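# Structural overview for review
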Amino acid sequence: MAELSPEYTMREAEMKETDIEKVDDIDDAHIAELAGAHFDDPNLDKEHIIAFDDESPYPEVRSAVANTDDPDMPVSSLRTWILGIAWAIVVPGLNQFFFFRFPSVTIGAIVAQLLSFPMGRAMAAWIPKWTIFGVQLNPGPFTVKEHVLVTIMASVGAGSAYATDIIAVQRVYYNQTYNFSYQWFVVMSTQLIGFSIGGIARRFLVAPPSMIWPANLVNCALFNTLHSQQYAGIGDRGGISRERFFTYAFTCAFFWYFFPGYIFQALSYFSWVTWIRPENTTISQLFGYVHGMGMSVITFDWAQIAYIGSPLATPWWAEANIFVGFVFFFWFLTPVLYFTNTWFGAFMPISSRTSYDNTMNTYDVSRILKPDSTIDLEAYHNYSPLFISTTFAISYGLSFASITATLMHAFLYFRKQIWTQSRRSLSEQPDIHARLMSRYPQVPEWWYLCIFVSMFAIGIISIEVWPTQMPVWAFILALIIAFTYVIPVGMIQAITNQQIGLNVITELIIGYALPGRPVAMMMFKTWGYITMAQALTFASDFKLGHYMKVPPRPMFWGQVAATIVAGTVQLGVQAWMFTNIPNMCDPHQKDGFICPSTEVFGTASIIWGVIGPGLQFSKGQTYYPLVFFFLIGTICPIIPWALSKRYKNSLLKYINPVIFNGTGLIPPATAINYVPWAAVGFVFQYVIRRRHFSWWTKYNYVLSAALDAGLAFQFW
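Residues numbered from 1 in each chain as written. Predicted model: local features only at pLDDT ≥ 70, side-chain atom pairs only at ≥ 80, totals over all residues. Heavy atoms only, no water.

For the rest of this paragraph, the subject is the overall build of the chain. From N to C terminus, the chain includes 29 helices and four strands. For the chain, the proportion of its 716 residues judged to be buried stands at 58%. Put simply, 80% of the contacts in the chain that link residues at least 6 apart link residues at least 24 apart. Just so you have it, the chain exposes about 29,100 Å², and 63% of that area is on carbon and sulfur atoms. (Helix = DSSP H or I, 4+ residues; strand = E, 2+ residues; numbered from the N terminus. Buried < 20%, exposed > 50% of the residue type's maximum accessible area, 1.4 Å probe, protein only. Contact = heavy atoms within 4.5 Å. Areas by Shrake-Rupley, 256 points an atom, 1.4 Å probe, with all protein chains shown as cover.)

A separate point is the environment of F245. Checked against the element boundaries, F245 lands in helix α11 (residues 242–256). Classification of F245 by relative accessible area gives buried; the value is 14%. For the pair F245 and L703, spaced 458 residues apart in sequence, the C-alpha separation works out to 7.8 Å. Among all residues touching F245, those that are not within four sequence positions of it are I240, W695, Y699, V702 and L703.

Although it is not a glycine, W343 adopts a positive phi angle of roughly 60 degrees. Tracing the backbone through its elements, the reader meets W343 in the loop between α15 (316–339) and β3 (355–356). W343 gets classed as buried once you look at its relative accessible area, which sits at 13%.

Taken as a whole and judged by the stated rule, the model has six salt bridges. For R689, the salt bridge is made with E60, and the minimal N-O distance between the two is 2.9 Å. One end of the pair, R689, is in helix α28 (residues 671–691); the other, E60, is in helix α3 (residues 59–64), with 629 residues separating them in the sequence. Side by side, R689 and E60 carry an identical accessibility label, which is buried. The shortest N-O distance in the salt bridge between R202 and E445 comes to 3.8 Å. (Salt bridge = Lys/Arg side-chain N within 4 Å of Asp/Glu carboxyl O.)

Aromatic rings considered in pairs are described by the distance between their centres and by the relative angle of their planes. Enumeration according to the criterion identifies 60 aromatic pairs in this entry. Aromatic side chains Y396 and F617 sit 6.1 Å apart centroid to centroid with 85 degrees between the ring planes, which places their arrangement in the edge-to-face category. In this pair, Y396 is assigned in helix α17 (residues 390–422) and F617 in the loop between α24 (596–611) and α25 (629–635), connecting sequence segments 221 residues apart. Residue F617 is classed as buried on the basis of its relative accessible area of 2%. An aromatic cluster of three or more residues is present, and its members are F195, W446, W447, Y448, F538, F542, F556 and W557. (Phe/Tyr/Trp six-rings, centres within 6.5 Å; stacked < 30°, edge-to-face > 60°.)

This part is about the packing of helix α19 (residues 445–465) against helix α22 (residues 518–548). Put simply, α19 and α22 touch, their axes get as near as 14 Å, and they point 160 degrees apart. The angle between α19 and α22 falls in the class roughly antiparallel. Where α19 crosses over α22, the two elements pack in a sense that is right-handed. Packed against α19, whose contacting residues are Y448, G459, S462 and I463, the element α22 presents M523, W527, F538 and F542 at the interface. Among the residues making up the contact of α19 with α22, the classes are represented as six nonpolar, two polar and no charged. (Axes fitted to C-alpha atoms, helices over the stretch in contact; angles between N-to-C directions. Parallel < 35°, antiparallel > 145°, perpendicular 65-115°, else oblique. Left-handed = near helix turned anticlockwise from the far one by under 90°. Nonpolar A, V, L, I, M, F, W, Y, C, P; charged D, E, K, R; others polar.)

Applying the stated criterion across every chain, the model contains one disulfide. Linked covalently through their sulfurs, C585 and C595 form a disulfide whose S-S length is 2.0 Å. Classification of the bridge connecting C585 and C595 rests on its S-S torsion, roughly -80 degrees, and on that basis the disulfide is left-handed. You can see C585 sitting in the loop between α23 (552–580) and α24 and its partner C595 sitting in the loop between α23 and α24, a full 10 residues away along the chain. Given the relative accessible area of 14%, C585 is considered buried. (Disulfide = S-S within 2.5 Å.)

Glancing now at the confidence of the model for the chain. Here the chain averages 84 in pLDDT, while 89% of its residues score no lower than 70. Counting interchain partners and residues more than four positions distant, the pLDDT-below-50 stretch residues 1–24 has 30 contacts. (pLDDT = per-residue confidence, 0-100.)

Moving on: a nonpolar patch on the surface. There is a patch of nonpolar side chains on the surface, built from F255, W256, F258, F259, Y262, I263, F264, W272, I276, I298 and F300 and spanning about 1,100 Å² of accessible area. The set of elements that each furnish at least two residues to the nonpolar patch consists of α11 and α12 (258–263). Relative to the assigned elements, W272 resides in the loop between α12 and α13 (281–287). (Patch = residues over 30% accessible without salt bridge, like charges linked within 9 Å, V, L, I, M, F, W, Y side chains within 5 Å.)

The contact between helix α5 (residues 109–126) and helix α10 (residues 214–226) brings their axes to 12 Å, and the two run at 20 degrees. With respect to each other, α5 and α10 are oriented roughly parallel. The handedness of the crossing between α5 and α10 is right-handed. Where α5 approaches α10, its residues I110, Q113, L114, F117 and R121 are matched on the opposing element by N219, L222, F223 and L226. Class assignment of the residues belonging to the contact of α5 with α10 gives a composition of six nonpolar, two polar and one charged.

On to α19, then. The α-helix winds at 3.6 residues per turn, so residues separated by three or four positions along the chain end up facing the same way. For α19, with 21 residues, the first-to-last C-alpha span of 30 Å sits near the 30 Å given by 1.5 Å per residue. By the burial criterion, the buried members of α19 are W447, Y448, I451, M455, I458, G459, I460, S462 and I463. (Expected span 1.5 Å × (residues − 1).)

With that settled, the discussion passes to the environment of F684. Note on placement: F684 falls in helix α28. In this structure, the C-alpha to C-alpha distance between F684 and N700, residues 16 residues apart in sequence, is 7.5 Å. Not counting chain neighbours up to four residues away, the residues in contact with F684 comprise L312, R689, W695, W696, N700 and L703.

As a further point, take the side chain of S402. When you line up the elements, S402 lands in helix α17. Looking at S402, its side chain comes within polar contact range of the main-chain oxygen of S399, at 2.8 Å. The contacts of S402, once residues within four sequence positions are left out, are I500, F660 and N661. (Polar contact = N/O pair within 3.5 Å; in protein donor to acceptor, adjacent residues only side chain to side chain.)

Below, the structure is given as C-alpha cells:
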C-alpha cells in the first residue's frame, strides 16, 4: 500500500473531530459553488453534501476516489508501456477475431485491468533495478497510476474499430478490396480525429466536479481496492475489507454464471407466461423473449441485467427516466400501434431487427440493385417497399426525438455552465481533484491541433484517392455534426451514464443529401458518429486519469499510441481472416464466422444509402409520421424546464433526454433487460443508498466491479 500523505492523516483526524457542515447551513449559491454546477444538478444529494474544500460534494465520488495524491509516484515507466502496448495488441486482436463470429466472445477491459495487476507486481518483483540509457527498468513497486495507464491503453481500442465494418462491407457486399493504405487511413482518421475535439472539450467535460462520469467510479473503486488505497471517503463502517468483499463477490459471480449460462438456462430468461397458452400468438408477442416484448421479466443472470450497463453505476434518477420511457413507449405505445396494425406491423413480429418485404419475408435487397450497387427504381417499385417491426420503428422515432431534445436540453440547462467553464482554468475549479491535477503540466492545445490536421488530411486522402463517392463537403459536414454534439451529449453522459448516439441521424442526413451512394453513407455515418464517440471516450478516460491523478501528458500519449497500435492490429487480423478462412461471411460458414455485424452494417448501407430515407420517411411514405418525433424532442424539454421555474425543488429537475434514448438497444434488448435492471438499480441506488448509506459508500461500486469481472472471466 502506498504511504498515506500528510494531507490524508490530517483530514482523517479532522473528520473524526469536526462535525460535517450540514446542508441546512448552506444556501443554494454555496452548493453551486462547491459543485461547480451552474444548473440544477440532479446528482447533488443535499442529504449527504459536505462543505469541506478538500472533499468532493458528491458522495459517489467520495466513496470511490481518493482525495490525496503523491506526485512522485511512477506513472509512465518502461513496464507501463510494455504492458500497455502488449494489451493494446492482444485484446483488440482477439476481439476483432471473434467479432466476425456468431456467437461472439468479447474480452472486456476489466480482464486487462485485473490481469495486469499481478503482471505488474511480478515485473516489480523479478526485474532487476538497473538503469539503461537513463531509463529505469524497475522503478519500484507497481503503482496504482501505472495500473491506470496500462488499463486505459488496453481499453481505448479494445472494441472493433467501427470503420473496419466499412472495409468488410465493401469487400462482401460491393466487391471492393482496396490496399492496406486506404484501410489504415480510414480507420486512423475515424478513430483519432475525435481525440482533438475531446481534448478541447475537457474543460467542459473533465474539469468540473459536476461531470462525475458514473461508470468511471466503478473503475476507481476497483483500482483503489486492488492497491489497498485508504481514504476518508470510504467512511468508517466496520465489517470486512473492500479487498475481501471483492474476492467473495467475484468468486460467487464467476461460479454462479455456470447455472444460467450452461446448467439451467431458464434462470437466464424464463418465458413462463407463454407456457400457459403456447399456441396463443398474442401472448407470445407480449411475453416472448426472442421476438416478443419480454414481459415475463424473470431473470437471475447478471449478463441479462447488465446488458445495458451496470445498474449499480447509473444514478437512480437516470434509471427512473429510462424505465418510465421504456414503460410508456414499449409497454404502452408499441402494443397499441402493433395491435391496431399501424405501419402494417401486425404482419410481422412485434420486435425484430430484420427488414421485411410485402410478403413478410426477409427483404431481398439483391432484387433492387443495379450491377454498380445503386438502386433500380423500377425494380424497387415492382418488388416491394421496405417494412420494419413496430419496436424497430419506435426506436427510430425515439432516436429522432433524442437528437433535438439533447440540443434543447443543453441550451436550457447547460448554457450558463458552458459559458462559465469556457473561462475557468483547472486551478480555479471548486474541486479538490482539479486542484491536485493543476500541478501537472497540461497537454498543449497545439498537440490536439496536430492530431486534427493530420487526421483531417488522411481522411481527405482516403475519400479522394479511392472511389468512395463521398465529396469533401460531406466529410466536413460529418465533422461539424460530431463537433456540435460533443459537449451536449458529453454533459448528459457525464451525469447520467448514458450516451446518445448519432448513427441514425447521420444516416438520415446523408441519405437525403447523397441518395444512392452506400459507401459514402457508411463513411459519413462513421465520421459523424464515431468522431463524437471517440471524443467522449477520450474525455471519459481523461476523467478516470483525473480521478486517479495520472498526469495528462502520459495519458495523451498512451491513448494515441494504443489507438494506433490497436487499429493497425485489427486491420491485420481482419485481412488475415478474409485471406485464410474459407467462405468468410457466408451464412453457412462451418466455424460460425458469418459476420453478423457486417450483415447489419451492410443492410443499413442499402436501406439508407441505396433505398434512402426519401422512400421511407418522406411525406406519403409509410414511416413519415416518425419525422414528427423531431418536433416532440424539441418541445418536451421546454415543458419541465418552464414548470420547474414555478415549482422549485420538484421532481421536474430529474427529467432528462435519456427518457428517449435510454431504450436505444431495443431491439434486440427487451423488457427482460430493462425491468430487472431498473429493479436492481432501485434497490441499490435508492433503497440501500438512503437507508444504509455507509454500506453503500463502502461496497456498492466494488460489488459492481466484482459482478462485471466475474461475468467477464466466465465468458473469457
